[in-house]
Amino acid sequence: MTDEMTAARLGLASCELCHLVSRPASPSEPGYCTRCGEKLEYRRPASIQTTWALLISAAICYIPANALPVLKTTTLGTTEGDTILEGIAFLYTSGSWPLALLVLIASVMIPLGKIAALAYLLITIQRRSVMSNHERTRLYRMVVLIGRWSMLDVFVDTFTVALVQLRPLMSVAPGAGVLFFAAVVVFTMLAAESLDPRLIWDVGNLQLRGHA
Amino acid sequence: MPEEPDLNMLPKATVGRSKRLRISVVWIIPILAAVVAIGIAIQRITNEGPTITVVFKAAQGIQAGKTFLKYKEVTIGEVSAVDLSEDYTKVVVKAKIAKHAAGLMVEDTKLWVVTPRITLSGVSGLGTLLSGNYIEVQRGKSASRRYSFVGLDVPSTVPDRHGRQFVLKASSLGSVGVGAPLYYRSLAVGQVLGYTLGGDGKSIEITVFVDAPYDQYVTSVTRFWNASGVDVSTGEDGLDVHMESLAALLAGGIAFETPDFLPSAEPAAANTSFTLYPNQSLAMKQPYSLERRYVLHFNESVRGLPIGAPVTLMGVTVGQVTDVGLSLDAARLVLRPRVFITYFPEKVVARLSTMEQVGAGKILMDQSTEGRLRLWRRLFEEQGLSAELKTGSLLTGAQYVDFEFHPHAPKPTLNWGADPIELPVASGGFASVVAKLNSILEKVDRMPLEAIGVEAKDLLATTNKTLQEADRLITRANTELLPEASKTLEVMHRAIADADQALLGKDASAPQDLHDALQEMASAARAARVLMDYLERHPEALIRGKKEEKP
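Residues numbered from 1 in each chain as written. Chains lettered and ligands numbered in written order. Predicted model: local features only at pLDDT ≥ 70, side-chain atom pairs only at ≥ 80, totals over all residues. Heavy atoms only, no water.

Caption draft 1: Region of interest: the overall build of chain B. A tally of helices and strands in chain B yields 12 helices and 25 strands. Buried positions account for 30% of the 551 residues belonging to chain B. In chain B, the share of contacts with a sequence separation of at least 24, taken over all contacts with a separation of at least 6, comes to 64%. Element-wise, carbon and sulfur atoms account for 59% of the exposed surface of chain B, whose accessible area totals about 36600 Å². (Helix = DSSP H or I, 4+ residues; strand = E, 2+ residues; numbered from the N terminus. Buried < 20%, exposed > 50% of the residue type's maximum accessible area, 1.4 Å probe, protein only. Contact = heavy atoms within 4.5 Å. Areas by Shrake-Rupley, 256 points an atom, 1.4 Å probe, with all protein chains shown as cover.)

Here is the structure:
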């Protein structure tokens, strides 16, 4: 696996934008793409560091996203805040366990899973692991794929807020939790985007050390 | 000197890449996120009030996260957990108190569960029907903090309001319940907090609370009475219906007022004890310092004369009946109803109009018997003042005692030394009707019927004599007058014959004249008949004349 020919291994740089493979001006300063003018890099600059930063941001935001209420329901003057987990518990106790499971998977497990998956990828890349590169790539694809659906909760939340406004009987307002939840989704998506998947395969390439 | 070493033998330093760690700007993002999250956490922690523990006998609808703690209708906390105590006999409720309300949690703070209460005196806690039960917090006065409490089973009895608490002693609770309203001039000014049986088990002690601006009207002479329900009394005044309010009708209530006739007093101190009268008229009854007792022995049934019935002097109430019983005169063996009455001289004096009269009326209140006795002797022994039973209401048959003058009654002599003095009675009411009937019968009885009979007999005898006289007269006429009469007839016969010769002779003109005269007479008679006929039909013609015949 490690003896494949890659552009970076041959001392060539692939343009991030137009994917033209060209010889860099010098090993340390690859220069600019002759076709589209994009700054050439062997790998995305500081990819791992950026991904880590965004991932840590997401992990930090994940705590208030679950601790703070995402919906504030006001029924006849009594305001009640519901966190995601309380909502799941309510759905489960009120009998609709499939819905509870769905919310549990979509709102709790998937963000957590994404954070865990990205952290795993980053750690293995930094440890120069050569194990199960294909599986790790599949994992990365899944993370990117799921990313675009992760805002579902936020959508549901905003829809509920917009629709349930039966003042003065009942009204629903968004809680601070939903802001953090959205932040978690955005940060994990950005983290997934900032991770250069080619790094998974770049094991043993000394050139890459500077990019990590 | 050592041999110079070959420097080329030394390892050559490589021109490597700088190992300077380049820190990406992107790390600002997690730092910012951490700052925000930590900021929120700090805010939460600093806003976090204390967590208190309240032990209740039952959860009564308390739910974690759904039940709130309220103080003056403001939510100050939220129940975080509801657990059973270790021995499963109690419910331990943990509640988070807002930081701004943490000062309410002191040594003598009281907490109880508010449930919807629909009582007859009103609906309370209606909000709980929608919001669920909540825990009411009542502030304590202590300064030392406390975070574990024992919840009250019933709402706190001491309202968290300004006002004063009083104790009412009553012989029975009546329909007064906890929370029953307290009325002052029909204005709800307080409520009944609770009641306990007195120590001796013979009276009820009712604790009432009068709200702040009104508690000043409770003075040491204020009277409280039970204003529960409808006070229907059938007295000598007929049917008397009194009701404080609809709420009081259903839930009971207590009213109070300070009688006008009493001097105003200082507001009563808290926890002063008062008597709770059964009704307003008893409570507001004017106590008279002077009261004199007398006894009346009636000759008729005293049925319908209740204790407390008024004693009136010519219709003006001056006293009341205090006891009704029987008395047996051992010497004469006579059983008669005995009525004790109490008379208040002040009432009589109060009814006098001018100061002059009042001055004179002081005799009645005079304790020295001299002047009073003189007046009373005059009233009772000379002017015939005496008591009689009168029916106040035909509907109920209630009776009362009335004193009136009976100038024609026999003048009694009273024993002024007796105690109580027995006053003279006259029969009244139905008894007086009977007496009147009796007097009529007596009058009938006194009529001289025998004398009338004798006179009638005399009359008959006289008539008989008259008839005999007539008989004798007729007999005499028969014997004496008839021969004379026949002689006279004979003479008359001759005279007629002579006349006949004279008048009906051949040369006599008399027949023609007579004929004419007779004809004239006949026509006159006819005219007279016509007149008579006309008059019969038109008698008014005698006055108005004959009416013109209309064509």
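Caption draft 2: Broad picture of the overall build of chain A. When helices and strands are counted, chain A shows 7 helices and 6 strands. Helices and strands in chain A line up, N terminus first, as β-β-α-β-β-α-α-α-α-β-β-α-α. Taking all 212 residues of chain A together, the buried fraction comes to 42%.

Caption draft 3: Layout of a nonpolar patch on the surface. Side chains of Trp149, Leu152, Phe155, Val156, Phe159 and Leu163 of chain A sit close together on the surface and give an oily, nonpolar patch of about 740 Å² of accessible area. Looking at the element boundaries, leucine 163 of chain A is found in helix H5 (residues 152-163). (Patch = residues over 30% accessible without salt bridge, like charges linked within 9 Å, V, L, I, M, F, W, Y side chains within 5 Å. Salt bridge = Lys/Arg side-chain N within 4 Å of Asp/Glu carboxyl O.)

Caption draft 4: Here's a closer look at the confidence of the model for chain A. Overall, the prediction assigns chain A a mean pLDDT of 81, with 92% of residues at 70 or greater. Counted against residues more than four places away or in other chains, residues 205-212 of chain A, with its pLDDT under 50, gives 16 contacts. (pLDDT = per-residue confidence, 0-100.)

Caption draft 5: The sheet that holds strand S19 (residues 292-297) of chain B, seen in detail. Residues and elements named next belong to chain B. Strands sit in the order S23-S24-S20-S21-S22-S19-S25 across an open sheet of 7 strands; the sheet is mixed. Of all the strands in the sheet, just strand S23 (385-391) and strand S25 (421-423) have a single pairing partner and so form its edges. Across this sheet, the average inter-strand angle for adjacent strands is 35 degrees, counted without regard to direction. Across 7 bridges, the pairing between S23 and strand S24 (residues 399-405) is antiparallel. Bridging from a neighbouring strand, leucine 389 pairs with valine 401 of S24. (Pairing = 2+ DSSP bridges. Axes fitted to C-alpha atoms, helices over the stretch in contact; angles between N-to-C directions.)

Caption draft 6: Broad picture of the packing of aromatic side chains. Residue and element names in this part refer to chain B. Summed over all chains, the structure comprises 7 aromatic pairs over all chains. Aromatic side chains phenylalanine 224 and phenylalanine 274 sit 4.9 Å apart centroid to centroid with 45 degrees between the ring planes, which places their arrangement in the tilted category. A residue pair is termed long-range when its members are at least 10 positions apart, and phenylalanine 224 in strand S14 (residues 223-226) and phenylalanine 274 in strand S18 (residues 273-277) qualify at 50 residues. The exposure class of phenylalanine 224 is buried, given its relative accessible area of 0%. Residue classification places phenylalanine 274 among the buried residues on the basis of a relative accessible area of 5%. (Phe/Tyr/Trp six-rings, centres within 6.5 Å; stacked < 30°, edge-to-face > 60°.)

Caption draft 7: A look at the pattern of salt bridges. Residue and element names in this part refer to chain B. If you walk through the whole model with that rule in mind, you get 15 salt bridges over all chains. In this structure, aspartate 215 engages arginine 164 in a salt bridge whose closest nitrogen and oxygen atoms are separated by 3.0 Å. Placement of the pair is aspartate 215 in helix H3 (residues 212-215) and arginine 164 in strand S10 (residues 163-170), with a sequence separation of 51 residues. The partner of arginine 378 in a salt bridge is glutamate 382, and the shortest N-O contact between them spans 2.8 Å. Taken together, the positions of arginine 378 and glutamate 382, both in helix H8 (residues 369-382) and 4 residues apart, correspond to about one turn of that helix. Overall, the relative accessible area of 48% leaves glutamate 382 in the partly exposed class. The network of salt bridges with shared partners includes Glu388, Lys390, Asp402 and Glu404.

Caption draft 8: Representation of unusual backbone geometry within the structure. All names here are of chain B. One non-glycine residue, tyrosine 88, lies in the positive phi region at around 60 degrees. One can find tyrosine 88 in the loop between strand S3 (74-84) and strand S4 (91-97). Here the phi dihedral of methionine 314 falls at roughly 50 degrees; this positive angle occurs in a residue that is not glycine.

Caption draft 9: Layout of the nonpolar core. Leu55, Cys61, Leu118 and Leu195 of chain A are the most contacted members of the largest nonpolar core, which totals 41 residues. Those elements that provide at least two residues to this core are helix H1 (47-67), helix H2 (84-93), helix H3 (97-126), helix H4 (133-147), helix H6 (176-194) and helix H7 (198-201) of chain A. A per-element tally of this core places H6 of chain A first, with 10 residues. Residues Phe298, Val318, Val321 and Trp376 of chain B belong to the second largest nonpolar core, which totals 24 residues. (Core = buried A, V, L, I, M, F, W, Y, C linked by side-chain atoms within 4.5 Å.)

Caption draft 10: Representation of the environment of valine 108 of chain A. All names here are of chain A. Along the chain, valine 108 turns up in helix H3. C-alpha separation for the pair valine 108 and leucine 85, spaced 23 residues apart in sequence, amounts to 8.2 Å. Once you skip the residues sitting within four places of it in the chain, valine 108 turns out to touch Tyr62, Asn66, Ile84, Leu85, Ile88 and Val103.

Caption draft 11: Seen up close, the pairing of S19 of chain B. Residues and elements named next belong to chain B. By the criterion of burial, S19 is predominantly enclosed, with 5 of the 6 residues buried. Two elements, S19 and strand S22 (residues 334-343), share 6 bridges in a ladder whose sense is antiparallel. Following the sheet pairing, tyrosine 294 is matched in S22 by isoleucine 341. Across 3 bridges, S19 lies against S25 in parallel orientation. From the neighbouring strand, leucine 296 faces S25, where its bridge partner is leucine 423.

Caption draft 12: Region of interest: the environment of tryptophan 416 of chain B. Residues and elements named next belong to chain B. Looking at the secondary structure, you find tryptophan 416 in the loop between S24 and S25. By relative accessible area, which is 13% here, tryptophan 416 ends up buried. Each C-alpha atom, one on tryptophan 416 and one on leucine 373, is 8.1 Å from the other, the two residues being 43 residues apart in sequence. The residues contacting tryptophan 416, other than those within four sequence positions of it, are Leu373, Trp376, Arg377, Phe380, Glu381 and Ile421.

Caption draft 13: Region of interest: the packing of H3 of chain A against H6 of chain A. Residue and element names in this part refer to chain A. Following both chains from N to C, one finds H3 and H6 inclined at 30 degrees, their axes separated by 10 Å at the closest point. Handedness of the H3/H6 crossing: left-handed. Facing H3, whose interface residues are Ser107, Pro111, Lys114, Ile115 and Leu118, H6 presents Phe181, Val184, Val185, Thr188, Met189, Ala191 and Ala192. Class assignment for the residues of the contact of H3 with H6 results in 9 nonpolar, 2 polar and 1 charged. (Left-handed = near helix turned anticlockwise from the far one by under 90°. Nonpolar A, V, L, I, M, F, W, Y, C, P; charged D, E, K, R; others polar.)

Caption draft 14: Broad picture of the sheet that holds strand S12 (residues 187-197) of chain B. Residues and elements named next belong to chain B. Reading around the barrel, the 7 strands line up as S10-S13-S12-S11-S17-S14-S18 and close back on themselves, with mixed pairing between neighbours. Neighbouring strand axes in the sheet, compared pairwise and without regard to direction, differ in orientation by 35 degrees on average. Relative to S12, strand S11 (residues 181-184) runs antiparallel, the two sharing 4 bridges. In the strand pairing of S12, tyrosine 183 is matched with alanine 188.

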